[in-house]
Amino acid sequence: MPKKVPFVTKEQLDQIVEQYPTPFHLYDEKGIRKTARDLYKAFSWNKGFKEYFAVKATPNPTILKILREEGCGTDCSSLTELMMSDRCGFTGPEIMFSSNETPAEEFRLAKELGATINLDDITHIEFLKEAAGIPERICCRFNPGGVFKLGTSIMDNPGDAKYGMTRTQIAEAYKQLKELGVKEFGIHSFLASNTVSNEYYPELARILFKLAVELKEETDVHIGFINLSGGIGIPYTEDKEPNDIFVIGEGVRKAYEEILVPAGMGDVSIYTELGRYMLAPHGHLVVKAIHEKHTYKEYIGVDACAVNLMRPAMYGAYHHITVMGKENEPKDHVYDIVGSLCENNDKFAIDRELPKIDMGDLLVIHDAGAHGFAMGYNYNGKLKSAEILLKEDGTTQMIRRAETPEDYFATLKGFNF
Ligand SMILES: *Cc1c(COP(=O)(O)O)cnc(C)c1O
């Protein structure tokens, strides 16, 4: 079974923490570039292929620029994500705007930037028309309802999700948009999150390719692209094999050859909006053990908390932990690894078998590169950490400083202190 090994050695990390105090998020440029290159190789059979990195996963301009150098665009769902993409140099067709419950000003900015707007609902046609006007190129988000299965296992529950249009609505939306002058259409769908299966994308592709052929017959529009969105996951635990992007790319190619090509739609571009798959394994949350407590359980208190990585508190998510320098020691202790919030769910790990932890030990919390820093918040007046990039040449660069108390106080009004 695959073992999770940090992308830094203890010696490297000891040096890094001399320069930057813990806690911080550390990103691995080499790993990010390799994942992006492999993705592009896996889909190189499709001429128009493009990955629109889901900015929400890791909204940092330095990361976005690295991805842009590898050919990626951005997928945005808010005003600030659009602004960040614009300021990083992404233009027009390099930006996808896949939002929902969208405020008018966000549609206006997306239209102004020439981003490809992905409509979440049929009522958004009128709303967009009023807010910004209808562009010539547009995408509609599809939700088939029911449950999404791979074989016999239920992967997710689209029928219960707030996103996307029904089958009837998407055909009607295409007709209305065609009337309004749209020349090029896309289809988008996100049916299951964090799938660790090489079957998800190919199965989703089959559903969307068939839908594309039907919609083309029913509405006679030009379908230019199909956006498979996010959802390719990573194994957070060591007991699962990671996805093989080459098998996934090949699976989508087969579906494309079987369904789109015979329908005369062999010119459709495939898009993705991956976030987690692109970045999660390439980020560590680096923390230091600062307290140990022996009561009804054994606790190790660290200098970070759920504010720095919310997934365990929010979803009960597992994140693997390496105690640096003790990789080969027996895991003969059982700890709860906890943060300092006044919330009992502030636990990075519960009943985790680990080697004996001493005060001052550095812990790497794995797979924190996506939906990690980004989900941060300021509960308990806790401040967000710095983000550090480990560059390909082994040097480091701070790509976001840690928040200071003054940042936290900056939005307060009406009282001087
Ligand atoms: C969150 C999101 C993504 C990225 O999802 P991952 O699971 O990180 O790959 C892509 N598209 C949309 C519309 C999303 O909301």
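Predicted, not measured: the structure shown is a model, and the values here were computed from it.

A.B. asks: Could you clarify how one ought to interpret the site of the ligand in this entry?
C.D. replies: Around the ligand, a shell composed of 15 residues is seen, among which Lys56, Glu273, Gly275, Arg276 and His371 lie nearest. The separation between a nitrogen atom of the ligand and a polar side-chain atom of Ser229 is 3.3 Å. Between an oxygen atom of the ligand and a main-chain N or O atom of Gly275, the distance comes to 3.0 Å. Protein chains shield 91% of the accessible area of the ligand, which is 390 Å² for the free molecule. Class assignment of the residues belonging to the shell around the ligand gives a composition of 3 nonpolar, 7 polar and 5 charged.

A.B. asks: Before we go on, may I ask you to explain the packing of helix H2 (residues 29–42) against helix H9 (residues 245–260) in this structure?
C.D. replies: What describes two packed helices is the angle between their axes and the distance between those same axes. Taken N-terminus to C-terminus, the directions of H2 and H9 make an angle of 30°; their axes are 8 Å apart at the nearest point. By the angle between their axes, H2 is roughly parallel relative to H9. Regarding H2 and H9, the two cross each other, and that crossing is right-handed. In this structure, H2 uses Asp38, Leu39, Lys41 and Ala42 to contact H9, whose residues at the interface are Ile245, Phe246 and Gly249. Here the contact of H2 with H9 is composed, by residue class, of 4 nonpolar, 1 polar and 2 charged.

A.B. asks: Just to check I follow, could you spell out the pattern of salt bridges for this structure?
C.D. replies: Oppositely charged side chains can pair when the atoms bearing their charge come close. Tallied over the entire structure, the rule returns 25 salt bridges. Glu126 is the salt-bridge partner of Lys129, the closest N and O atoms lying 3.8 Å from each other. Of the two residues, Lys129 and Glu126 both sit in helix H6 (residues 124–131), 3 residues apart, roughly one turn of that helix. The partly exposed category is assigned to Lys129, whose relative accessible area is 37%. Here Arg401 ties to Asp407 by a salt bridge, and the two come within 2.6 Å at their closest N and O atoms. Take Asp407: its relative accessible area is 27%, and that puts it in the partly exposed class. Salt bridges here are not isolated pairs; linked through shared partners, they connect Glu29, Arg33, Arg37, Glu69, Glu70 and Glu392.

A.B. asks: Looking at this structure, how should I read the layout of surface pockets?
C.D. replies: Any empty space left between atoms is shown by rolling a water-sized probe over those atoms. Estimated volume of the largest pocket: approximately 1000 Å³. Lining the largest pocket we find 38 residues, and of these Lys56, Tyr163, Phe190, Ser193 and His371 sit closest to its centre. Its residues placed into classes, the lining of the largest pocket shows 14 nonpolar, 15 polar and 9 charged. By volume, the second largest pocket is sized at about 490 Å³. In this structure, the second largest pocket is lined by 22 residues; those nearest its centre are Lys4, Pro242, Pro281, His282 and Asp367. Residues of the lining of the second largest pocket, tallied by class, amount to 9 nonpolar, 7 polar and 6 charged.

About the criteria used
- Residues numbered from 1 in each chain as written.
- Predicted model: local features only at pLDDT ≥ 70, side-chain atom pairs only at ≥ 80, totals over all residues.
- Heavy atoms only, no water.
- Near = heavy atom within 4 Å.
- Polar contact = N/O pair within 3.5 Å; in protein donor to acceptor, adjacent residues only side chain to side chain.
- Areas by Shrake-Rupley, 256 points an atom, 1.4 Å probe, with all protein chains shown as cover.
- Nonpolar A, V, L, I, M, F, W, Y, C, P; charged D, E, K, R; others polar.
- Axes fitted to C-alpha atoms, helices over the stretch in contact; angles between N-to-C directions.
- Helix = DSSP H or I, 4+ residues; strand = E, 2+ residues; numbered from the N terminus.
- Parallel < 35°, antiparallel > 145°, perpendicular 65-115°, else oblique.
- Left-handed = near helix turned anticlockwise from the far one by under 90°.
- Contact = heavy atoms within 4.5 Å.
- Salt bridge = Lys/Arg side-chain N within 4 Å of Asp/Glu carboxyl O.
- Buried < 20%, exposed > 50% of the residue type's maximum accessible area, 1.4 Å probe, protein only.
- 1 Å grid on protein atoms, 1.4 Å probe; cavity = no way out; pocket = protein on both sides within 12 Å on 5 of 7 lines; lining within 4 Å.
- Points joined across faces, edges and corners; volume = space filled by probe spheres on them.

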